[in-house]
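Commentary on secondary and tertiary structure
Chain residues, written in single-letter form:
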Amino acid sequence: MRTCFLLLCCLLILSQGKGQCTFRGVLIDSVSGEAIPDAIIYIPGAAGSAVSDAEGRFTWETTADPVMLTIALLGCTHNYAAHCNTSRTDTIILHCAPVALQEVEIHARSAEAILREAIEKIPVNYPDSAFAVDAFYRHYEKINDVYANLQEAQSLTAFRISGHKGPNIQCSEAVGILALRRSDHFEPFTYSNGDTYKDILLQNPIFHLSGSSLDPKFLKRYVFEISPLSNDSMWTIWYRNNAFITDNHGVDNYSYTDFYGEGFETGIITIDKETMAILSFERRCIRNEKYGYPKYNNFILPDRKYTGEFNEAYLLIRFQKYGAQYYPATILHRFTNTYFSTVTYTKSFTISDYSAWYAGVPVTVISRGAYHALESYSFFDAMRMPYNAGEWEFSLPPFYFEAEQEVKQGLSKKAPLEEQFIRSGEH
C-alpha cells in the first residue's frame, strides 16, 4: 500500500511538471539597488512579451522548464534561465552601464519621431487604389477550457480604397466566401462579437488608423523606446500605454473613452529604414485589475443576465512587399473575457476568441465568379454553405495560438469533425 501511494505521488508530480506554470521575477539595479520598471521580457522569435511594473515585478506563463528569457531596457540586455515555480519570486540583478553618449551618437532621432515619420508615409508605402486577395480565415473559441465553434473559410477579400486624408487611407473591405466549413455551434448564452470576419480586418491599423494604436493623436500618451533588436536595415520600436487600450475585445462600436483605464498595452513595431514602411505590428493588452466598470456599460445585451470583463488580448499583423508597396499578409488576433452572473456576481464563463487571416498575392482584376461571391456576402457568422470535402484537399495554414491536435480533439469529442462540417452545411 505504501509503495502504491509513493508511486501515485510521483505520477502527480510528473504530471504537474508537464503542465503550465508561472515564473515570477523582480528586477533590481545592481548599482542603486532600486527596482527596474518598464523593462520588456520576451523570448526571441516567440509571440508575446511581459513588462516589469513600478516595483520591478513581472510574471511569465510557461510550459517549458527551464526557458531562456531575454530582459531588455535601453542600453541593456540580459538573458536569464527561468525555472518553473509557483511559490517563489526570483530576484534578478541587472548591471546596466550608462549609455547616454552612445544613445546621442547612434539614435539622434527619438523613437516617437521615427514612428511619426512612418505613419506620415502610409499613403506612399501602402496601396492607393483598390485591390483584392485570396484569403484563408479561421476562427474558434475556448469556453471554460473547452474548444468550440471552429469556422474556416476560403474567401476573397477586397480592399476598396477611395483615397486618403492625411495618413488615413479611406478603405472599406468586402468579403466573398468561396468555401466554408464549421463545427457544431455552441453558445453558452446570448451574446455577439459582431461579424467576426469583418472584425479581424478592422484590427489593421494601417487601413483603419483612426482609433488604433498608431493614431497620431494618441502618441503623446505613449512611452516609446528604440529596441536593441534594431539593426542596419530595420528599426524596432517598443511602446507602452498605461492609460487605455485600443483592442475592442469583442465589443461592438468599441471606444477607448467608454472604457478609459480598463487596461494597459505594450507593443513592438518594426519599420524598414530605407522606405520607413511599417513591416509588422504586435500588441499585447492586459486588464488593469484596479479598474471598476462604470454602471451599466458592461452588461451583455439584450437580456442583461451577465456582465463581461476584459482579461487580455494579443494582435500580430505582418505586411508583405509586392512591387513598390506593402500589403497585409497576416492578421492574428486573440482576446479573453470573463462573464459574471448579474444577480450573484459569480464567474460563469471564461471565453477566449481566436481569429487568423492569411492573404495571398494581391490582384486588381477580379474574376466573374469571385465578384459574384462579393455581391452575395452577408453576415459571416450567420452564413450557411454546403460542405464539399473535395474543396479542402490542400494544406491549410497551421494553427497559431493553440495546438491543432488539441483543438480538433476537443471539437471531436461528441462527433467526428467531418460529420459536423456536413451537418452545418445542411442547415
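Above this note sits the structure.
Residues numbered from 1 in each chain as written. Predicted model: local features only at pLDDT ≥ 70, side-chain atom pairs only at ≥ 80, totals over all residues. Heavy atoms only, no water.

**Quick word on unusual backbone geometry**
Applicable threshold: Per the convention used, a helix needs a DSSP run of H or I reaching at least four residues, while a strand needs a run of E reaching at least two, with both numbered from the N terminus. For every residue, the accessible area obtained with a 1.4 Å probe (protein chains only) is divided by the maximum for its type, and the residue is called buried under 20%, exposed over 50%, and partly exposed between those limits.
Its identity is not glycine, yet Asn-144 carries a phi of approximately 50 degrees, on the positive side. Its location among the elements puts Asn-144 in the loop between strand 8 (131–143) and strand 9 (146–165). For Asn-144, a relative accessible area of 36% translates into the label partly exposed. Positive phi, close to 70 degrees, is recorded for Asp-145, a residue that is not glycine. Locating Asp-145 in the fold gives a position in the loop between strand 8 and strand 9.

**Topic: the nonpolar core**
Quick reminder of the rule: Put simply, buried Ala, Val, Leu, Ile, Met, Phe, Trp, Tyr and Cys residues joined by side-chain atoms within 4.5 Å make one nonpolar core. Contacts were defined at the residue level, with two residues in contact if any of their heavy atoms lie within 4.5 Å.
Counting 62 residues, the largest nonpolar core has Tyr-126 and Ile-271 as the members making the most contacts within it. Discounting residues that sit within four places of it in the chain, Tyr-126 has contacts with Ile-169, Ile-206, Phe-207, Ala-277, Ile-278, Phe-319, Gln-325 and Tyr-326. Of all hydrophobic cores here, the second largest spans 19 residues; its members include Trp-392, Phe-401, Leu-411 and Leu-417.

**Digging into the pairing of strand 17 (residues 347–359)**
This is how it is decided: In this analysis, strands are considered paired if DSSP registers two or more bridges between them.
As judged from the 9 bridges shared by strand 8 and strand 17, these two strands associate in the antiparallel manner. If you follow Ala-135 over to strand 17, its bridge partner there is Ala-359. Bridging between strand 16 (residues 325–341) and strand 17 involves 11 bridges; their strand directions are antiparallel. When the bridges of strand 17 are listed, His-333 appears paired with Ser-355. Where strand 16 folds back onto strand 17 in an antiparallel hairpin, the turn is made up of 5 residues, including Tyr-345, whose phi is positive at roughly 50 degrees.

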